[in-house]
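Architecture at a glance
Here's the letter readout for the chains.
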Amino acid sequence: MQHSAADSALNDFHWPRGQGTCVPYAVFTDQAIFEREQARIYQGPTWHFLALADEIAQPGAFKSTFIGTTPVVVTRTRDGELAGWVNRCAHRGALVCREPRGNARMHRCVYHQWTYDQRGQLRGVPFQKGLNEKAGMPADFNVAEHNLPPVRVETCHGLVFGSLSDATPDLRSYIGPQMLPWVERIFHKPVEYLGCTRQYAKSNWKLYYENVKDPYHASLLHLFHTTFNIYRSNMLGRSIADSRHGLHSLITSTPLDDTETAGAYKKEGISTYEEGLKLADPSLLATRPEFAEQTSNNIHTLFPSTVIQQIHNTLAVRQVLPKSAAEFELVFHFFGYADDDDELRAMRLKQANLAGPAGYISMEDTAATELVQRGISSAEHGSGSYIAMGDEIQDQGSSLISEHMIRSFWDGYRELMGWAD
C-alpha cells in the first residue's frame, strides 16, 4: 500500500509514554491522522459490518452504506449470492446508487447513465459508438476495464461484512476464537430485520469506541441504567479484550437483587441513582429469558465499526461510520429472531426505545463524546487523556470498574497505525 507524504510525516508521531494509559488528544482532532486511519485501517486488513442478511434477502435487493468514508453497495444477485462494490462511477466518480436500500436489476449513474449490473460490472455506456456520425468512445475502449472496484463480502451467522483489502484474513479468523462464541450466542438462529435509527455525532469515532469499551462510565452517566437496576458496577460482569490485539472486546452484566446493589450507590451519593423514581409503564422493562445466561447488557465490539448489542430483550447491531476527524454517524440496526411470537416481538420493539438517538440508556453517550470533542479541540500540543482505572491482571476481566479494554484498544490501534514501540 502506498502512503502519501502527509501520512509519512506522521511516522514519528509522538505517543506519550508509548502506552494506552495516556492518549494524545491529537488522535481525535488531527485530520491528517484521520486520513491515515482511512488508508491503514479502513482500507487495510479489517472487516466491517454492512448489513444483516435479512435486509437483502431477496434477489436484486441492495443496500448502500460505507466502509470508513468509502461509499459501498452490497447486493443479493439474482443467483442468490452476495456481491459488493465501491459506489463510485468509473466515468466521473459520481455516486451510482443514491438510495439507502431497494431492489434493482441494474444500477444507473444519473450523471451520464453509465449502467452497472448487480456485481458492479459495467453493462452500458450511452453513445459509446457515437451518434449521427459523431465520434463516441475511443476504438480501444473496453467495457470490462471499467467495472466498479469490488468489495470482499463474507457472512457469519446472518451478519454481512465487507473489506477493501485482499490481505484481510477470512471473517471467522478475524473475529477470532475468543470473540466468535459471543457472536454465536446472539446469532444462534435466523434473525429478522426490524428497522434502524440513525444519528450524527459531532465527535471523533474513536471517542465512541472508547465509550463502548468503558464499563466504568455506564452507571455514572446513565440514570436509567442505574436507577432501574439494568446496569450497576457491582453486578456480576465481564470486561474482556481480545488477547491477540486488544481491538475487539466484550462487556456483560448480570443483575443481582436490587437491594443488594443499590446500597453502595446510596452510600457513595451517586447522582444517577434516584430512589423512588418509577416508570409510568413498567412493561418497558419486562423481560423474557432467552439465553443460558440472561445478561441485562451484552456489548460486543468488533473493530473498527461494529457493536453487537443485547440489552434485556432488545437486539441490535450498531454501525460506527467515521465522517471526519470530528464527526461520525451511528446506525442502530434492530432485529429479532424469525421465530419470535407476537408477544416477544412487541417486547423487542418497545425495548428498542432503550437504545438509539433518544434511547433511555444511550442518549447521553454521544452527548458525552461531543463534550470531550469540544473540550479538547483547543488543547495544547502534546496533551492527552489519562486512562488508568482497573487492573486486568488483578481483576481477571471480572470488574465493571475498569478501563483496561480502552488501554488494550489503543495498543492495537497504535500497531495498525505504525506507532508501536
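As the structure is a prediction and not an experimental result, all values here were calculated from the model. (Residues numbered from 1 in each chain as written. Predicted model: local features only at pLDDT ≥ 70, side-chain atom pairs only at ≥ 80, totals over all residues. Heavy atoms only, no water.)

**Thoughts on the overall build of the protein chain**
Quick note on the threshold: Secondary structure is summarised from DSSP: a helix means a run of H or I of at least four residues, a strand means a run of E of at least two, and numbering begins at the N terminus for each. Residues count as neighbours in contact if any of their non-hydrogen atoms are within 4.5 Å of one another. Where accessible areas are quoted, they stem from the Shrake-Rupley method and a 1.4 Å probe; at the residue level, only the protein chains shown are allowed to cover.
Summing up its helical and strand segments, the protein chain has 13 helices and 19 strands in all. With the C-alpha coordinates of the protein chain rotated into their principal frame, the extents come out at 90 × 55 × 35 Å. In the protein chain, 66% of the contacts between residues at least 6 apart in sequence involve partners at least 24 apart. Here the protein chain has roughly 18,800 Å² of accessible surface; of this, 51% comes from carbon and sulfur atoms.

**Structural notes on the environment of His 333**
Counted only if it meets this: Three exposure classes are used, based on accessible area relative to the maximum for each residue type with a 1.4 Å probe and protein chains only: buried under 20%, partly exposed in between, and exposed over 50%.
Following the sequence through the fold, His 333 ends up in strand β18 (residues 327-337). According to the relative accessible area criterion, His 333 is buried, its value standing at 1%. As a C-alpha pair, His 333 and Cys 196 span 137 residues in sequence and 4.5 Å in three-dimensional space. When near neighbours in sequence (up to four residues on either side) are disregarded, His 333 contacts Phe 49, Glu 55, Lys 63, Tyr 193, Gly 195, Cys 196, Leu 315, Ala 316, Val 317 and Gln 319.

**Regarding the sheet that holds strand β10 (residues 150-156)**
For clarity, the cut-off: Note: two strands are recorded as paired if DSSP finds a minimum of 2 bridges between them. Only C-alpha atoms enter the line fits that serve as axes; for helices the fit covers just the stretch in contact. Angles between N-to-C directions range over 0 to 180 degrees.
Spatial strand order, β2-β11-β10-β5-β4-β3-β6: seven strands in an open sheet with antiparallel pairing. Edge positions in the open sheet fall to β2 (48-52) and β6 (101-103), since each of these has one partner strand only. Direction aside, the axes of adjacent strands within the sheet are offset by 30 degrees on average. The pairing of β10 with strand β11 (residues 159-163) spans five bridges and is classified as antiparallel. Along β11, the bridge assignment pairs Arg 152 with Ser 163.

**Looking at unusual backbone geometry**
Following Phe 303, the chain continues into Pro 304 via a peptide bond in cis, with omega recorded as 0 degrees. With respect to the helices, strands and loops of the structure, Pro 304 is situated in the loop between β15 (297-302) and β16 (306-311). Look at Phe 127: it is not a glycine, yet its phi comes out positive at around 60 degrees. Summarising the element assignment, Phe 127 is placed in the loop between β9 (122-124) and β10. Owing to a relative accessible area of 58%, Phe 127 belongs among the exposed residues under this scheme. Notably, His 312 is not glycine yet its phi reads approximately 50 degrees, a positive angle. Residue position: His 312 is located in the loop between β16 and β17 (314-324).

**Some thoughts on the environment of Gly 412**
Here Gly 412 shows up in helix α13 (residues 404-417). Excluding its chain neighbours within four sequence positions, the residues that come into contact with Gly 412 are His 245 and Leu 247.

**Side note on the nonpolar core**
So the rule is basically this: Put simply, a nonpolar core is a bunch of buried Ala, Val, Leu, Ile, Met, Phe, Trp, Tyr and Cys residues held in one set by side-chain atoms that sit within 4.5 Å of each other.
One finds Val 27, Phe 187 and Trp 410 to be the most contacted residues of the largest nonpolar core, which totals 77 residues. In terms of nonpolar packing, the next biggest core, distinct from the first, is built from 14 residues, Trp 85, Tyr 116, Leu 122 and Val 125 among them.

**Comments concerning the packing of helix α3 (residues 31-42) against α13**
Put simply, the test is: Our angle categories are set so that under 35 degrees counts as roughly parallel, over 145 as roughly antiparallel, 65 to 115 as roughly perpendicular, and the remainder as oblique. Under this grouping Gly is polar, as are all residues other than the nonpolar Ala, Val, Leu, Ile, Met, Phe, Trp, Tyr, Cys and Pro and the charged Asp, Glu, Lys and Arg.
For the pair α3 and α13, interaxial distance at closest approach is 9 Å and the crossing angle is 80 degrees. The angle between α3 and α13 falls in the class roughly perpendicular. The segment α3 lies against α13, with Ile 33, Arg 36, Glu 37, Arg 40 and Ile 41 engaging Tyr 413, Leu 416 and Met 417. Among the residues making up the contact of α3 with α13, the classes are represented as five nonpolar, no polar and three charged.

**Considerations on α3**
Going by this rule: In protein, a polar contact requires one atom able to donate a hydrogen and another able to accept it; more generally it is a pair of N or O atoms within 3.5 Å, and residues adjacent in sequence count only if both atoms are side-chain atoms.
Counting buried positions over the twelve residues of α3 gives nine, a clear majority of the element. Its side-chain oxygen at 2.7 Å from the backbone nitrogen of Ala 32, Asp 30 defines the N-terminal cap of α3.

**Quick look at the pairing of strand β5 (residues 82-86)**
Summarising burial for β5: four of the five residues are buried, a large majority. Sheet analysis places strand β4 (residues 70-76) next to β5, joined by five bridges and oriented antiparallel. If you follow Val 73 over to β5, its bridge partner there is Trp 85. Counting the residues in the hairpin turn of β4 and β5 gives five residues, including Gly 80, whose phi is positive at 90 degrees. In the sheet, β5 pairs with β10 via two bridges, with the strands oriented antiparallel. Across the sheet, residue Gly 84 finds its bridge partner in β10, namely Val 151.

**Some details on the sheet that holds strand β8 (residues 115-117)**
Pairing is antiparallel in the open sheet, where three strands are placed in the order β7-β8-β9. The open sheet has two edge strands, β7 (106-108) and β9, and neither has a second partner. The sheet shows a mean angle of 40 degrees between the axes of neighbouring strands, taken without regard to direction.

**Some words on the domain arrangement of the protein chain**
Note the following rule: These domain boundaries are the output of an automatic or database domain assignment. Buried area counts how much accessible surface, traced with a 1.4 Å probe, disappears from two parts once they are put together, with both parts' losses summed. Salt bridge, as applied in this entry: a Lys or Arg side-chain nitrogen positioned within 4 Å of an Asp or Glu carboxyl oxygen.
What the domain assignment reports for the protein chain is domain 1 (48-155) and domain 2 (177-416). Between the C-alpha centres of domain 1 and domain 2 the distance comes to 36 Å. Across the boundary between the two partners, domain 1 contributes twelve residues, which contact 14 residues of domain 2. For domain 1, the biggest contributors to the area lost against domain 2 are Phe 49, Leu 52 and Asp 54; these three give 48% of the whole. At the junction of domain 1 with domain 2, the criterion picks out zero salt bridges. Where the side of domain 1 that touches domain 2 is concerned, the elements lending two or more residues are β2 and β3 (61-67). When residues of the side of domain 1 that touches domain 2 are assigned to their parent elements, the largest contribution, four residues, is made by β2. Along the lines of polarity and charge, the residues of the side of domain 1 that touches domain 2 split into four nonpolar, four polar and four charged.

**With respect to the environment of Trp 47**
Structurally, the position occupied by Trp 47 is in the loop between α3 and β2. Between the alpha carbons of Trp 47 and Phe 187 there is a distance of 18 Å; along the sequence they are 140 residues apart. Polar side-chain contacts of Trp 47 include one of 2.7 Å to the backbone oxygen of Pro 169.

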